[in-house]
Protein chains: 2
Amino acid sequence: MNKRKISDLSRALIEIVRHFGPKGPNGECCENLSMPEFLALDKIANTEDCPVQNIGQLLGFTKSGATRIVNRLEKKGYVQKIKSFEDGRVCCVVITPQGENVLASTDERYSKEIEHLLARMPDKNAPHMKALLKDMARALRD
Amino acid sequence: MNKRKISDLSRALIEIVRHFGPKGPNGECCENLSMPEFLALDKIANTEDCPVQNIGQLLGFTKSGATRIVNRLEKKGYVQKIKSFEDGRVCCVVITPQGENVLASTDERYSKEIEHLLARMPDKNAPHMKALLKDMARALRD
DNA sequence: CTGTATGGTTGACGCTGTCAACCATTTGAT
DNA sequence: ATCAAATGGTTGACAGCGTCAACCATACAG
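**As for the overall build of chain A**
Part 1 of the argument: Counting its secondary structure elements, chain A contains six helices and three strands.
Part 2 of the argument: For chain A, whose C-alpha radius of gyration is 18 Å, the value lies well above the compact-globule estimate of 14 Å for 142 residues.
Part 3 of the argument: Referenced to the eigenvectors of the C-alpha coordinate spread, the extents of chain A come out at roughly 60 × 30 × 30 Å.
Part 4 of the argument: The buried share of chain A, reckoned over its 142 residues, is 46%.
Part 5 of the argument: Put simply, of all contacts in chain A between residues at least 6 apart along the chain, 46% involve residues at least 24 apart.
Part 6 of the argument: By element, 50% of the accessible surface of chain A is carried by carbon and sulfur atoms, the whole surface being about 7500 Å².

**Observations regarding the interface of chain A and chain B**
Part 1 of the argument: Contacts between the two partners involve 58 residues from chain A, matched on the other side by 55 residues from chain B.
Part 2 of the argument: Summed over both partners, the interface of chain A with chain B comes to about 5700 Å²; 69% of that surface belongs to carbon and sulfur atoms.
Part 3 of the argument: For the chain A face of the interface with chain B, the top three residues by lost area are A:Lys5, A:Leu9 and A:Leu140, together amounting to 12%.
Part 4 of the argument: Applying the counting rule to chain A against chain B returns four salt bridges.
Part 5 of the argument: Across the salt bridge formed by A:Arg141 and B:Glu15, the nearest N and O atoms sit 2.5 Å from each other.

**Overview of unusual backbone geometry**
Residues other than glycine predominantly adopt negative phi, and peptide bonds predominantly adopt the trans conformation.
Part 1 of the argument: Not every positive phi belongs to a glycine, and A:Asp49 is a case in point at roughly 45°.
Part 2 of the argument: Mapped onto the elements of the fold, A:Asp49 is located in the loop between α2 (35-45) and β1 (50-51).

**Section: the side chain of A:Ser10**
Part 1 of the argument: Relative to the assigned elements, A:Ser10 resides in helix α1 (residues 8-20).
Part 2 of the argument: What makes A:Ser10 buried here is its relative accessible area of 0%.
Part 3 of the argument: In terms of polar contacts, A:Ser10 uses its side chain to reach the side chain of B:Ser111, at 3.1 Å.
Part 4 of the argument: If we ignore the near neighbours within four places in the chain, the residues touching A:Ser10 are B:Asp107, B:Tyr110, B:Ser111 and B:Ile114.

**Observations concerning the relation of the copies chain A and chain B**
Part 1 of the argument: Superposing chain A onto chain B takes a rotation of 180° plus a shift of 0.1 Å along the axis, which leaves an RMSD of 0.3 Å. Those values place the two copies in the arrangement expected of a two-fold rotation axis. The C-alpha atom lying nearest the rotation axis in chain A is that of A:Val17; the distance is 2.3 Å.
Part 2 of the argument: Interface overlap between copies: 95% of the residues of chain A at the interface are likewise at the interface in chain B, consistent with a symmetric, same-surface contact.

**Structural notes on the sheet that holds strand β2 (residues 79-83) of chain A**
Residues and elements named next belong to chain A.
Part 1 of the argument: The strand order β1-β3-β2 describes an open sheet built from three strands, whose pairing is antiparallel. Both outer strands of the open sheet, β1 and β2, are each paired with one neighbouring strand and no more.
Part 2 of the argument: As judged from the two bridges shared by β1 and strand β3 (residues 91-95), these two strands associate in the antiparallel manner. Bridge assignment links Cys50 to a residue of β3, and that residue is Val93.
Part 3 of the argument: Relative to the sheet, α2 contacts β2 and β3, its axis offset from that of β3 by approximately 100°.
Part 4 of the argument: Running over the sheet, helix α4 (residues 63-75) touches β2 and β3 and is turned about 115° from β2.

**What about the nonpolar core?**
Part 1 of the argument: Counting residues in each nonpolar core, the largest one holds 88 residues, and the members touching the most others are A:Phe20, A:Leu41, A:Leu73, A:Met129, B:Leu41, B:Leu73 and B:Met136.
Part 2 of the argument: Those residues in contact with A:Leu41 that lie beyond four places of it in its chain are A:Leu33, A:Leu73, A:Tyr78, A:Val79, A:Ile95, A:Gly99, A:Val102 and A:Leu103.

What counts as what
- Residues numbered from 1 in each chain as written.
- Chains lettered and ligands numbered in written order.
- Predicted model: local features only at pLDDT ≥ 70, side-chain atom pairs only at ≥ 80, totals over all residues.
- Heavy atoms only, no water.
- Helix = DSSP H or I, 4+ residues; strand = E, 2+ residues; numbered from the N terminus.
- Rg over C-alpha atoms; globule rule 2.2 N^0.38 Å.
- Buried < 20%, exposed > 50% of the residue type's maximum accessible area, 1.4 Å probe, protein only.
- Contact = heavy atoms within 4.5 Å.
- Areas by Shrake-Rupley, 256 points an atom, 1.4 Å probe, with all protein chains shown as cover.
- Buried area = accessible area lost by both parts, 1.4 Å probe.
- Salt bridge = Lys/Arg side-chain N within 4 Å of Asp/Glu carboxyl O.
- Polar contact = N/O pair within 3.5 Å; in protein donor to acceptor, adjacent residues only side chain to side chain.
- Least-squares fit on C-alpha atoms with pLDDT ≥ 70 in both.
- Pairing = 2+ DSSP bridges.
- Axes fitted to C-alpha atoms, helices over the stretch in contact; angles between N-to-C directions.
- Core = buried A, V, L, I, M, F, W, Y, C linked by side-chain atoms within 4.5 Å.

The structure is reproduced here in structure tokens:
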């Protein structure tokens with residue numbers, strides 16, 4: 001198989017992204033959670049009294065997009081909207097216990113898959129690989 | 001920032017996927033090419049006389065989805081459909097010179113971004129990191 | 001030559017996110 | 001106190017993408 005046009009490195013990253021991304025084998029992250037929904041849920045879990053717009057900002061959505069994602073999550077019972085009593089315009093989005101559950105179980109599946117993948121790597125250099133991934137993510141944030 | 005619920009490793013991978021994936025800063029890979037379109041174009045470039053269904057198979061689409069992606073690519077001028085003369089039912093999808101161009105330029109952008117990222121990382125051993133990423137992608141294929 | 005399998009296309013549909021207009025609340029200037 | 005921005009959120013209309021099922025055309029086996 002003589003791959004052309006695209007460098008090995010690009011292709012490697014693309015394949016990794018594809019595998020773990022929204023359209024990989026697990027197009028949905030969990031039972032009934034799309035990738036953006038999962039990401040939003042994660043943000044909500046980690047933001048105290050998260051306003052709707054924050055989510056949009058963090059994930060690169062419009063505020064109306066954010067509203068819609070939050071509504072979906074709410075309908076699924078993973079999230080609750082509570083009017084802020086400091087500012088009547090703001091909706092604090094809070095994760096529910098069910099939301100916590102689904103987040104935890106998704107994380108578990110994700111982690112397991114990563115471990116499984118790392119175990120199959122040639123040099124068995126899993127710890128090294130983990131460090132690399134974390135460093136990469138950190139470098140992305142800067 | 002005390003991140004809860006999700007393990008560091010999961011989060012790292014998620015962030016990487018997000019950054020390089022369809023909804024990262026570059027939601028579109030190139031000018032007017034969505035992520036799936038880009039992937040399809042890559043497959044087409046690397047498959048001699050690629051039937052439409054192949055693309056669907058390789059990317060996890062229905063055959064009708066594949067038709068639609070190919071049509072989009074054709075409308076953009078990156079691809080051409082040619083009726084096979086060995087089997088009148090089959091459409092060979094072939095990349096055009098413009099398609100090659102867009103693929104090359106996208107690869108260049110992608111590569112540059114990776115290099116840039118690696119340069120910012122604490123471990124300056126770029127070749128080693130590249131090797132690790134390629135190993136990871138290889139492990140995915142098995 | 002007839003029935004079946006296979007490749008591809010198309011119409012109707014559902015889901016997701018954007019845009020723009022909108023409402024409600026807050027805030028600042030007067 | 002009042003009124004005009006500014007800000008947070010929601011909603012209707014819309015477009016893009018992919019699925020499903022029905023369909024057409026070609027190939028092939030008996």
